[in-house]
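# A closer look at the structure
Now for the letters of each chain:
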Amino acid sequence: MSDSVIAVYPGSFDPVTNGHLDILKRAARLFDRIIIAASESGRKLFDFALEERLTFLHDSVERLGYRNVEIDSFGGLLVHYARDRNASVIIRGLREVSDFEYEYQMSVMNRKLIPSIETVFLSTSSDYYFVSSSLIKEVAALGGDVSALVPSIVNDALIARRRKPLEG
Ligand code: ADP
(Lines give C-alpha, C1' and ligand atoms only; values in the text may rest on other atoms or scores of the structure.)
Protein backbone atom coordinates (compact mmCIF):
# COMPACT_ATOMS: atom_id res chain seq x y z
CA MET A 1 0.00 0.00 0.00
CA SER A 2 1.50 3.37 -0.97
CA ASP A 3 1.51 6.16 1.57
CA SER A 4 0.19 8.78 -0.84
CA VAL A 5 -2.31 11.16 0.71
CA ILE A 6 -5.75 11.12 -0.88
CA ALA A 7 -8.08 14.05 -0.21
CA VAL A 8 -11.78 14.34 -0.95
CA TYR A 9 -13.12 17.76 -1.91
CA PRO A 10 -16.90 17.47 -1.45
CA GLY A 11 -19.57 19.94 -2.41
CA SER A 12 -22.74 20.69 -4.27
CA PHE A 13 -20.88 22.35 -7.15
CA ASP A 14 -24.24 23.68 -8.33
CA PRO A 15 -22.52 24.91 -10.47
CA VAL A 16 -18.73 24.88 -10.04
CA THR A 17 -17.25 28.40 -9.81
CA ASN A 18 -13.76 29.83 -10.06
CA GLY A 19 -13.84 30.00 -6.25
CA HIS A 20 -14.12 26.21 -6.10
CA LEU A 21 -11.35 25.87 -8.68
CA ASP A 22 -9.12 28.21 -6.69
CA ILE A 23 -9.41 25.92 -3.66
CA LEU A 24 -8.78 22.92 -5.92
CA LYS A 25 -5.60 24.52 -7.24
CA ARG A 26 -4.23 24.96 -3.72
CA ALA A 27 -5.28 21.46 -2.68
CA ALA A 28 -3.72 19.85 -5.76
CA ARG A 29 -0.35 21.22 -4.63
CA LEU A 30 -0.73 19.84 -1.12
CA PHE A 31 -2.05 16.34 -1.67
CA ASP A 32 -1.09 13.45 -3.93
CA ARG A 33 -4.59 12.83 -5.18
CA ILE A 34 -7.81 14.82 -5.01
CA ILE A 35 -11.23 13.35 -5.51
CA ILE A 36 -13.82 16.02 -6.21
CA ALA A 37 -17.07 14.54 -4.94
CA ALA A 38 -20.32 16.15 -6.03
CA SER A 39 -23.18 15.44 -3.66
CA GLU A 40 -26.05 13.45 -5.11
CA SER A 41 -28.44 14.77 -2.48
CA GLY A 42 -28.11 17.05 0.47
CA ARG A 43 -29.37 19.97 2.45
CA LYS A 44 -30.34 21.80 -0.70
CA LEU A 45 -32.36 21.18 -3.82
CA PHE A 46 -30.05 21.46 -6.79
CA ASP A 47 -30.62 23.75 -9.76
CA PHE A 48 -28.40 21.68 -12.04
CA ALA A 49 -28.84 17.91 -12.34
CA LEU A 50 -25.99 15.73 -11.13
CA GLU A 51 -24.99 14.85 -14.72
CA GLU A 52 -24.71 18.54 -15.60
CA ARG A 53 -22.73 19.36 -12.46
CA LEU A 54 -20.34 16.50 -13.25
CA THR A 55 -19.97 17.59 -16.89
CA PHE A 56 -19.08 21.12 -15.74
CA LEU A 57 -16.50 19.70 -13.33
CA HIS A 58 -14.97 17.35 -15.93
CA ASP A 59 -14.67 20.13 -18.49
CA SER A 60 -13.20 22.63 -16.02
CA VAL A 61 -10.65 20.22 -14.58
CA GLU A 62 -9.61 19.00 -18.02
CA ARG A 63 -8.97 22.57 -19.12
CA LEU A 64 -6.79 23.16 -16.07
CA GLY A 65 -4.80 20.04 -16.95
CA TYR A 66 -4.56 18.47 -13.49
CA ARG A 67 -3.35 14.92 -13.54
CA ASN A 68 -4.01 14.09 -9.90
CA VAL A 69 -7.66 15.08 -9.79
CA GLU A 70 -10.57 12.68 -10.18
CA ILE A 71 -14.27 13.53 -10.32
CA ASP A 72 -16.94 11.43 -8.69
CA SER A 73 -20.26 11.76 -6.91
CA PHE A 74 -21.37 10.51 -3.53
CA GLY A 75 -24.51 9.91 -1.53
CA GLY A 76 -24.90 9.17 2.16
CA LEU A 77 -22.37 10.09 4.79
CA LEU A 78 -19.30 11.88 3.52
CA VAL A 79 -16.94 10.21 6.01
CA HIS A 80 -18.10 6.78 4.86
CA TYR A 81 -17.46 7.76 1.27
CA ALA A 82 -14.01 9.13 2.17
CA ARG A 83 -13.13 5.95 4.07
CA ASP A 84 -14.28 3.76 1.17
CA ARG A 85 -12.06 5.77 -1.18
CA ASN A 86 -9.05 5.44 1.19
CA ALA A 87 -9.00 9.20 1.70
CA SER A 88 -7.52 10.58 4.91
CA VAL A 89 -8.37 14.22 4.29
CA ILE A 90 -11.55 16.21 3.61
CA ILE A 91 -10.97 19.61 2.03
CA ARG A 92 -13.33 22.50 2.61
CA GLY A 93 -13.01 26.08 1.46
CA LEU A 94 -13.63 29.01 3.77
CA ARG A 95 -14.83 32.37 2.57
CA GLU A 96 -16.19 34.55 5.31
CA VAL A 97 -16.96 34.13 8.98
CA SER A 98 -20.46 32.92 8.19
CA ASP A 99 -19.02 29.77 6.59
CA PHE A 100 -17.11 28.96 9.74
CA GLU A 101 -19.80 27.95 12.20
CA TYR A 102 -21.36 25.21 10.09
CA GLU A 103 -18.04 24.02 8.71
CA TYR A 104 -16.50 23.77 12.16
CA GLN A 105 -19.50 21.85 13.52
CA MET A 106 -19.39 19.44 10.57
CA SER A 107 -15.66 18.86 10.95
CA VAL A 108 -16.00 17.99 14.64
CA MET A 109 -18.92 15.68 13.88
CA ASN A 110 -16.96 13.99 11.11
CA ARG A 111 -14.01 13.48 13.44
CA LYS A 112 -16.33 11.90 16.01
CA LEU A 113 -17.57 9.51 13.33
CA ILE A 114 -14.15 8.58 11.91
CA PRO A 115 -11.22 10.08 13.89
CA SER A 116 -8.56 9.17 11.33
CA ILE A 117 -10.06 11.47 8.68
CA GLU A 118 -8.90 15.05 9.07
CA THR A 119 -10.74 18.09 7.69
CA VAL A 120 -8.43 20.71 6.19
CA PHE A 121 -9.75 24.22 5.58
CA LEU A 122 -8.25 26.31 2.83
CA SER A 123 -8.99 30.00 2.61
CA THR A 124 -10.19 31.47 -0.62
CA SER A 125 -8.31 33.95 -2.73
CA SER A 126 -9.46 37.53 -2.19
CA ASP A 127 -10.61 37.51 -5.83
CA TYR A 128 -13.34 35.01 -5.03
CA TYR A 129 -14.34 35.45 -1.40
CA PHE A 130 -17.71 36.89 -2.48
CA VAL A 131 -18.41 34.12 -5.00
CA SER A 132 -20.99 31.46 -4.21
CA SER A 133 -22.91 29.23 -6.60
CA SER A 134 -26.22 30.69 -5.42
CA LEU A 135 -25.18 34.32 -5.91
CA ILE A 136 -23.77 33.48 -9.34
CA LYS A 137 -27.10 31.93 -10.39
CA GLU A 138 -29.05 34.89 -9.06
CA VAL A 139 -26.90 37.49 -10.83
CA ALA A 140 -26.76 35.50 -14.09
CA ALA A 141 -30.53 35.00 -14.13
CA LEU A 142 -30.96 38.78 -13.96
CA GLY A 143 -28.62 39.34 -16.88
CA GLY A 144 -25.38 40.07 -14.99
CA ASP A 145 -22.05 39.14 -16.54
CA VAL A 146 -20.39 36.46 -14.40
CA SER A 147 -17.95 35.25 -17.05
CA ALA A 148 -14.92 36.20 -14.94
CA LEU A 149 -16.18 34.18 -12.00
CA VAL A 150 -17.11 30.81 -13.52
CA PRO A 151 -15.60 28.39 -16.06
CA SER A 152 -16.73 29.07 -19.64
CA ILE A 153 -18.92 25.96 -19.84
CA VAL A 154 -20.85 27.18 -16.79
CA ASN A 155 -21.16 30.68 -18.18
CA ASP A 156 -22.62 29.23 -21.40
CA ALA A 157 -25.10 27.11 -19.44
CA LEU A 158 -26.21 30.09 -17.35
CA ILE A 159 -26.78 32.18 -20.48
CA ALA A 160 -28.69 29.33 -22.17
CA ARG A 161 -30.85 29.05 -19.08
CA ARG A 162 -31.65 32.74 -19.09
CA ARG A 163 -32.91 32.43 -22.65
CA LYS A 164 -35.11 29.46 -21.83
CA PRO A 165 -38.53 30.25 -20.38
CA LEU A 166 -38.85 29.15 -16.76
CA GLU A 167 -40.33 25.71 -16.30
CA GLY A 168 -43.13 24.98 -13.89
P1 ADP B 1 -21.79 22.64 -0.03
O2 ADP B 1 -23.23 22.56 -0.36
O3 ADP B 1 -21.20 21.34 0.43
O4 ADP B 1 -21.39 23.80 0.85
P5 ADP B 1 -20.60 24.14 -2.22
O6 ADP B 1 -20.50 23.71 -3.65
O7 ADP B 1 -21.42 25.34 -1.92
O8 ADP B 1 -21.09 22.85 -1.46
O9 ADP B 1 -19.14 24.38 -1.64
C10 ADP B 1 -18.19 23.35 -1.62
C11 ADP B 1 -16.97 23.84 -0.86
O12 ADP B 1 -16.33 24.89 -1.59
C13 ADP B 1 -17.27 24.42 0.51
O14 ADP B 1 -16.22 24.08 1.39
C15 ADP B 1 -17.32 25.90 0.27
O16 ADP B 1 -17.00 26.64 1.42
C17 ADP B 1 -16.23 26.03 -0.78
N18 ADP B 1 -16.41 27.21 -1.61
C19 ADP B 1 -17.47 27.57 -2.35
N20 ADP B 1 -17.27 28.76 -2.97
C21 ADP B 1 -16.03 29.16 -2.60
C22 ADP B 1 -15.23 30.31 -2.87
N23 ADP B 1 -15.68 31.30 -3.63
N24 ADP B 1 -14.01 30.36 -2.32
C25 ADP B 1 -13.58 29.36 -1.51
N26 ADP B 1 -14.27 28.28 -1.20
C27 ADP B 1 -15.49 28.16 -1.73
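Look up: the structure comes first, before these words.
Residues numbered from 1 in each chain as written. Predicted model: local features only at pLDDT ≥ 70, side-chain atom pairs only at ≥ 80, totals over all residues. Heavy atoms only, no water.

With that out of the way, let us pick up the pattern of salt bridges. Inspection of the entire model under this criterion finds 11 salt bridges. In this structure, the salt-bridge partner of Asp47 is Lys137, at a minimum N-O distance of 2.7 Å. Here Asp47 is found in the loop between β2 (33–39) and α2 (50–64), whereas its partner Lys137 is found in helix α5 (residues 133–141), with 90 residues between them in sequence. Linked by salt bridges that have partners in common, Arg33, Glu70, Asp72 and Arg85 make up one network. (Salt bridge = Lys/Arg side-chain N within 4 Å of Asp/Glu carboxyl O. Helix = DSSP H or I, 4+ residues; strand = E, 2+ residues; numbered from the N terminus.)

The final tally for this structure, using the stated rule, is 5 aromatic pairs. Between the aromatic rings of Tyr9 and Phe13, the centroid separation amounts to 5.3 Å while the plane-to-plane angle is 85 degrees, which identifies the pairing as edge-to-face. Looking at Tyr9, the relative accessible area reads 5%, which means it is buried. Aromatic side chains Tyr129 and Phe130 sit 5.8 Å apart centroid to centroid with 85 degrees between the ring planes, which places their arrangement in the edge-to-face category. Taking relative accessible area as the criterion, Phe130 reaches 42% and is therefore assigned partly exposed. The ring of Phe46 carries the charged tip of Arg53 above its face, separated from the ring centre by 3.8 Å. Note that Arg161 overlies the ring of Phe48, its terminal NZ or CZ placed 4.0 Å from the centroid. (Phe/Tyr/Trp six-rings, centres within 6.5 Å; stacked < 30°, edge-to-face > 60°. Buried < 20%, exposed > 50% of the residue type's maximum accessible area, 1.4 Å probe, protein only. Lys NZ or Arg CZ within 6 Å of the ring centre and 35° of its normal.)

Looking now at the site of the ligand. Lining the immediate environment of the ligand, one finds 16 residues, of which Ser12, Lys44, Gly93, Tyr128 and Val131 sit closest. Between the ligand and the protein, one listed contact pairs an oxygen atom with a side-chain N or O atom of His20 at 2.9 Å. At 3.3 Å, a side-chain N or O of Arg95 approaches a nitrogen atom of the ligand. For the ligand, the protein covers 91% of the area, taking 550 Å² as the surface of the free molecule. Of all the elements in the fold, those that place two or more residues in the shell around the ligand are β1 (6–11), α1 (18–30) and β4 (89–94). The class makeup of the residues in the shell around the ligand is 6 nonpolar, 6 polar and 4 charged. (Near = heavy atom within 4 Å. Polar contact = N/O pair within 3.5 Å; in protein donor to acceptor, adjacent residues only side chain to side chain. Areas by Shrake-Rupley, 256 points an atom, 1.4 Å probe, with all protein chains shown as cover. Nonpolar A, V, L, I, M, F, W, Y, C, P; charged D, E, K, R; others polar.)

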